[in-house]
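Read off the chains here:
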Amino acid sequence: MVPSRFNTIVERKKVSSLKIGFFDSGLGGVTVLSEALRRLPNENFVYMADTLHVPYGTKTPQEVLGYVKASVQTILKEDIKALVIACNTATSIAVAELRKEYKFPIIGMEPAVKPAVEMNRANGKRVLVLATPLTLKQSGYAALVSRVDDHGSVDSLPLPELVQYCEQLNFDRTELFNYFNHKLSSFNLDVYGTVVLGCTHYPFYKEILRELLPSHIQLIDGSQGTVKRLKQVLSERNLLAAPLTTGQLQEGHVTFLCTSQDKAYVYKMERALEIYAEHEKIYL
């Protein structure tokens, strides 16, 4: 039976009323959300930060799994049609378990090692992955590197303190330059062609890294690939929201939540999104 035009409109309204959930331990996932707002302008979003337990990068895998599962239970109250785990650490630990429990699409993140290696094939340069200690310790990360790194060209550097800088919205140039110079002091940066930002908090510091790193080094993170995958999955399942009136786009709306129910942190998330979106306009 061919659906009537009325039924089609009803179904479209239903899909348009559902939200896309985003989850991270704190502010970092805002960098992925910003990309989603740009590429999916008709969608509405709910963003949950686990402020009671941030940062995840220094916790045990068992702790992180429990935190993520509890937070997802809260997000489910918001009528979501898909969920993005906008955290590399949470993805590596919890995404497989979540996909067993829920039928809606769940999009995870992993450090953008594969595209970074491919970018350097022609020039023979190395790849440096910056991530949290827990991400780098996970078997999934080791398996990813083993799968794509044919020539042993990938090195890793944990930067746990950078999450805290971001959570404080600390962009003090002198302090951050000193921090990065100290952390990178043992690396010969001339041999690297790409630096991977393997934590969603880290792209907040792309501008500082661009100034500090040699000009030949490219920066890459997983936001674009994650949102591209999200859009593809929504399209395949007929879950993309469309404007109800041709030519009139709905403006994406974001509902911010946090496990501590701290209104000040909700404002901080809103401010972080503004800061990052404005920063990204410079490089689009």
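Cut-off values and rules
Residues numbered from 1 in each chain as written. Predicted model: local features only at pLDDT ≥ 70, side-chain atom pairs only at ≥ 80, totals over all residues. Heavy atoms only, no water. Helix = DSSP H or I, 4+ residues; strand = E, 2+ residues; numbered from the N terminus. Rg over C-alpha atoms; globule rule 2.2 N^0.38 Å. Buried < 20%, exposed > 50% of the residue type's maximum accessible area, 1.4 Å probe, protein only. Contact = heavy atoms within 4.5 Å. Pairing = 2+ DSSP bridges. Axes fitted to C-alpha atoms, helices over the stretch in contact; angles between N-to-C directions. Phe/Tyr/Trp six-rings, centres within 6.5 Å; stacked < 30°, edge-to-face > 60°.

Colleague: I would appreciate a short explanation of the overall build of the protein in the present structure.
Modeller: Assigned secondary structure in the protein consists of 12 helices and 9 strands. For a compact globule of 284 residues, the expected C-alpha radius of gyration is about 19 Å, and the protein comes in at 19 Å, within 12% of that figure. In terms of principal-axis extent, the alpha carbons of the protein reach across some 65 × 45 × 40 Å. The burial tally for the protein puts 50% of its 284 residues in the buried class. Taking as baseline every contact in the protein between residues at least 6 positions apart, the subset at least 24 positions apart corresponds to 78%.

Colleague: What is the right way to read the sheet that holds strand S8 (residues 218–221) from this model?
Modeller: For sheets, the rule is that strands pair by backbone hydrogen bonds, running either parallel or antiparallel. Taken in spatial order, the 4 strands make up an open sheet running S6-S5-S7-S8, and their pairing is parallel. Edge strands, defined here as strands with exactly one partner in the open sheet, are strand S6 (154–158) and S8. Across the sheet, the mean angle separating the axes of adjacent strands is 25 degrees when strand polarity is ignored. Both strand S5 (residues 126–131) and S6 contribute to a ladder of 5 bridges, which runs parallel.

Colleague: So what exactly am I meant to see when it comes to unusual backbone geometry here?
Modeller: Most peptide bonds adopt trans geometry, and most residues besides glycine take a negative phi value. Note the cis peptide between Val54 and Pro55, where omega equals 0 degrees. Looking at the element boundaries, Pro55 is found in the loop between strand S2 (44–49) and helix H3 (61–75). Unusually for a residue other than glycine, Asp79 sits at a positive phi of about 55 degrees. Even without glycine at this site, Gln261 takes up a positive phi of about 55 degrees.

Colleague: Just checking my understanding: could you explain the packing of aromatic side chains for this structure?
Modeller: In this description, a pair of aromatic rings is defined by centroid distance and the angle of the planes. A complete count under the given rule lists 11 aromatic pairs for this structure. Centroid distance Phe22 to Phe45: 5.8 Å. Interplanar angle 70 degrees. Geometry classified as edge-to-face. A residue pair is termed long-range when its members are at least 10 positions apart, and Phe22 in strand S1 (residues 19–24) and Phe45 in strand S2 qualify at 23 residues. Side by side, Phe22 and Phe45 carry an identical accessibility label, which is buried. Between Tyr56 and Tyr67 the ring centres are 5.9 Å apart and the planes differ by 25 degrees, which places this aromatic pair in the stacked class. One end of the pair, Tyr56, is in the loop between S2 and H3; the other, Tyr67, is in helix H3, with 11 residues separating them in the sequence.

By themselves, these are just geometric observations and shouldn't be taken as functional.
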